[in-house]
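Overview (structure and organization)
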Amino acid sequence: MTDFSHLVREANLIGGAWVGADAGTMIEVTNPANGTVIARVPNAGADETRRAIDAAHAAFPAYAALPLNERVAMLRRLHQAIMDQQEPLARMMTAEQGKPLSEARAEVGSSAAYVLWFAEEARRIYGEIIPSPVAGRRLMTTKHPVGVVAAITPWNFPSSMLARKIGPALAAGCTVVVKPASATPLSGLVWGQLAEQAGFPAGVVNVLTGSARAIGGEIMANPKVRKITFTGSTEIGKDLIRAAAGTVKRVSMELGGNAPFIVFDDADLDRAVSGAITAKFRNAGQTCICTNRLYVQSGIYDRFTAAFAERVAALKVAPGDEAGAEQGPMIDEAAVEKMEGLLADALDKGGQLVTGGGRHARGGLFFQPTVISNATPDMRFSSEEIFGPVAAVYKFDTEDQAISLANDTEYGLAAYAFTQDMRRVFRLQDQLGYGLLGINEVLIVTPEAPFGGIKESGMGREGGRQGIEDFLDLKYTCIGGL
């Protein structure tokens, strides 16, 4: 077994120095599969955050002024450093987050891919020459890094969420202050080590662990932070948007989801079932683009539900580092209790338990992969983000009904549909109110394409050529007397 102890830092990176919290207090990092403590990290607060912001602010002018080739070379070295450590990074992630090792390996690879993508996009930060309406003038636009960027990321994808923020920020010439989730801080702190190995100057990358309220409060109040990029709940995102108004920070928000998964009568049944397994149970259902509501047309409903439940019942629930594990533990006890509450509500309202239905025999934070049929719009998981291994299957009759049900939410992050009617595909593209659409496909996220939602699922995009734009200021220059 590959050891990851050489990657564990029980300190924060501020201005090029690895330091503890001022008060000397620490946060325990536990393995959700067995409850063991695997590390302790600093419980930093506002004062440490202020120093990190000052360090990033001081480092910004020189870093922004570096020749493009130097920034690109550092990003390429960062990509290589991640890939060189892919296996220990994956094992560290599985230990602190719980996901199967196969998923952790894929996430580390995805993180490296985002860094490489933005290393290439750094070369394509183009301005424009604009035709002048009058003689003797030259009109042009140029793009410039916004300054200090603060990134706040969740525990469910503790590496790739950072890659999609750190990568474009560094490519654009910005400096960063990073706050990873307290449940999974090791996968965040290691970015500091990797950045040092890649040759980024002191102060360009700063990583803090500790109080979300104290660290976030200082980030939002400090005028030296010019952009905040956040992935997390819609509720907290709204608070951050309000707080950003005080200093008019630019904001990027990747917030909650309530993804519909629509299966039409003409769908390839096997492909739809396989897609539903992946879209629902990857990372134990703890993803923002996870299927939340499965809508299956009446002509195929019984066959789909039976085939789907059979596959779900066969999923191997085990610690993420156990061979063949397909679903690991949930992140904490509150998450398990939420699943119990959602199931009790559904059963009280007429839902039928097809498979699963409670805590797993392994005990602890393990929960059975579960399927509920005869789901109805009045059940809690119709409007709440499940964020766990519970699949609710609804029946519909017509395409218009499916679209109406799918759009009946304040969220608009991801949606999936399975059909072989190409005319319907384009109708769905026009009418489904979501930022991401997967048609006959569920693994749709890639560095080459923009990621982000509409409505209350957020603003801004990560990935694609669009992913670097939020880290750049646009300047217009008019030169006269020519």
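Above this text you will find the structure in question.
The structure reproduced in this document is the subject of the present report. Not measured: the values here are computed from a predicted model.

1. Some points on the packing of helix H2 (residues 68-84) against helix H6 (residues 186-198)
At a minimum axis separation of 8 Å, H2 and H6 run at an interaxial angle of 125 degrees. With respect to each other, H2 and H6 are oriented oblique. Considering only the axes of H2 and H6, their crossing is right-handed. Listed contacts from H6 to Met 74, Arg 77, Leu 78, Ala 81 and Ile 82 of H2 are Trp 191, Leu 194, Ala 195, Gln 197 and Ala 198.

2. A short note on the pairing of strand E12 (residues 259-263)
In the case of a regular strand, side chains alternate between the two sheet surfaces. Within E12, 5 of the 5 residues are buried, leaving the element largely enclosed by the surrounding structure. The side-chain alternation of E12 yields two buried faces, one formed by Ala 259, Phe 261 and Val 263 and the other by Pro 260 and Ile 262. Where E12 lies against strand E13 (residues 291-297), 5 bridges are found, and the strand directions are parallel. Paired with Phe 261 across the two strands is Leu 294, which belongs to E13. Each parallel crossover has a hand, and for E12 linked through helix H9 (residues 269-281) to E13 it is right-handed. Two elements, E12 and strand E17 (residues 414-418), share 3 bridges in a ladder whose sense is parallel.

3. Let's talk about the sheet that holds strand E6 (residues 138-145)
Taking strand neighbours across the sheet as the criterion, the 3 strands line up as E5-E6-E20 in an open arrangement whose pairing is antiparallel. Both edges of this open sheet fall to strand E5 (128-130) and strand E20 (472-479), since each of them pairs with a single strand only. Adjacent strand axes in the sheet meet at a mean angle of 25 degrees when their direction is disregarded. Pairing of E5 with E6 involves 3 bridges; the strand directions are antiparallel. Paired with Glu 128 across the two strands is Thr 141, which belongs to E6.

4. Thoughts on the side chain of Thr 287
For Thr 287, the position within the fold is in the loop between H9 and E13. Only 2.9 Å separates the side chain of Thr 287 from the backbone nitrogen of Cys 290, close enough to count as a polar contact. Beyond its immediate sequence surroundings of up to four residues, Thr 287 is in contact with Asn 156, Phe 157, Arg 282, Glu 385 and Phe 387.

5. Thoughts on the environment of Tyr 394
Among the structural elements, Tyr 394 can be located in strand E16 (residues 390-396). When the C-alpha positions of Tyr 394 and Ile 262 are compared, they lie 9.5 Å apart, and in sequence the two are 132 residues distant. Apart from the residues within four sequence positions on either side, Tyr 394 is in contact with Arg 293, Leu 294, Tyr 295, Val 296, Tyr 301, Ala 375, Thr 376, Pro 377, Phe 381 and Ser 382.

6. Details of the pairing of strand E7 (residues 148-152)
Of all 5 residues that make up E7, 5 are buried, and the element is covered over most of its length. With burial as the criterion, each face of E7 is covered, one bearing Val 148, Ala 150 and Ile 152 and the other bearing Val 149 and Ala 151. Strand direction decides the pairing type here: E7 and strand E8 (residues 175-179), joined by 5 bridges, are parallel. Directly across from Ala 151, in E8, lies its bridge partner Val 178. Considered for its hand, the β-α-β crossover made up of E7, helix H5 (residues 160-172) and E8 is right-handed.

7. With respect to the packing of aromatic side chains
In total, this model carries 8 aromatic pairs according to the counting rule given. A centroid spacing of 4.9 Å and a plane angle of 45 degrees characterise the contact between Tyr 295 and Tyr 394, whose relative ring orientation is tilted. With Tyr 295 in strand E13 and Tyr 394 in strand E16, this pair connects stretches of sequence that are 99 residues apart. Among the residues examined, Tyr 394 registers a relative accessible area of 3% and is labelled buried.

8. Re the sheet that holds E17
Taken in spatial order, the 7 strands of this open sheet run E14-E15-E16-E13-E12-E17-E18, and their pairing is mixed. Two strands close off the open sheet at either side, each with one partner strand: strand E14 (352-355) and strand E18 (436-439). Taken pair by pair, the neighbouring strands of this sheet meet at an average axis angle of 25 degrees, ignoring direction. Across 3 bridges, strand E15 (residues 370-373) lies against E16 in parallel orientation.

What counts, and where the lines are drawn
- Residues numbered from 1 in each chain as written.
- Predicted model: local features only at pLDDT ≥ 70, side-chain atom pairs only at ≥ 80, totals over all residues.
- Heavy atoms only, no water.
- Axes fitted to C-alpha atoms, helices over the stretch in contact; angles between N-to-C directions.
- Helix = DSSP H or I, 4+ residues; strand = E, 2+ residues; numbered from the N terminus.
- Parallel < 35°, antiparallel > 145°, perpendicular 65-115°, else oblique.
- Left-handed = near helix turned anticlockwise from the far one by under 90°.
- Contact = heavy atoms within 4.5 Å.
- Buried < 20%, exposed > 50% of the residue type's maximum accessible area, 1.4 Å probe, protein only.
- Pairing = 2+ DSSP bridges.
- Right-handed = clockwise from strand over helix to strand, strands pointing away.
- Polar contact = N/O pair within 3.5 Å; in protein donor to acceptor, adjacent residues only side chain to side chain.
- Phe/Tyr/Trp six-rings, centres within 6.5 Å; stacked < 30°, edge-to-face > 60°.

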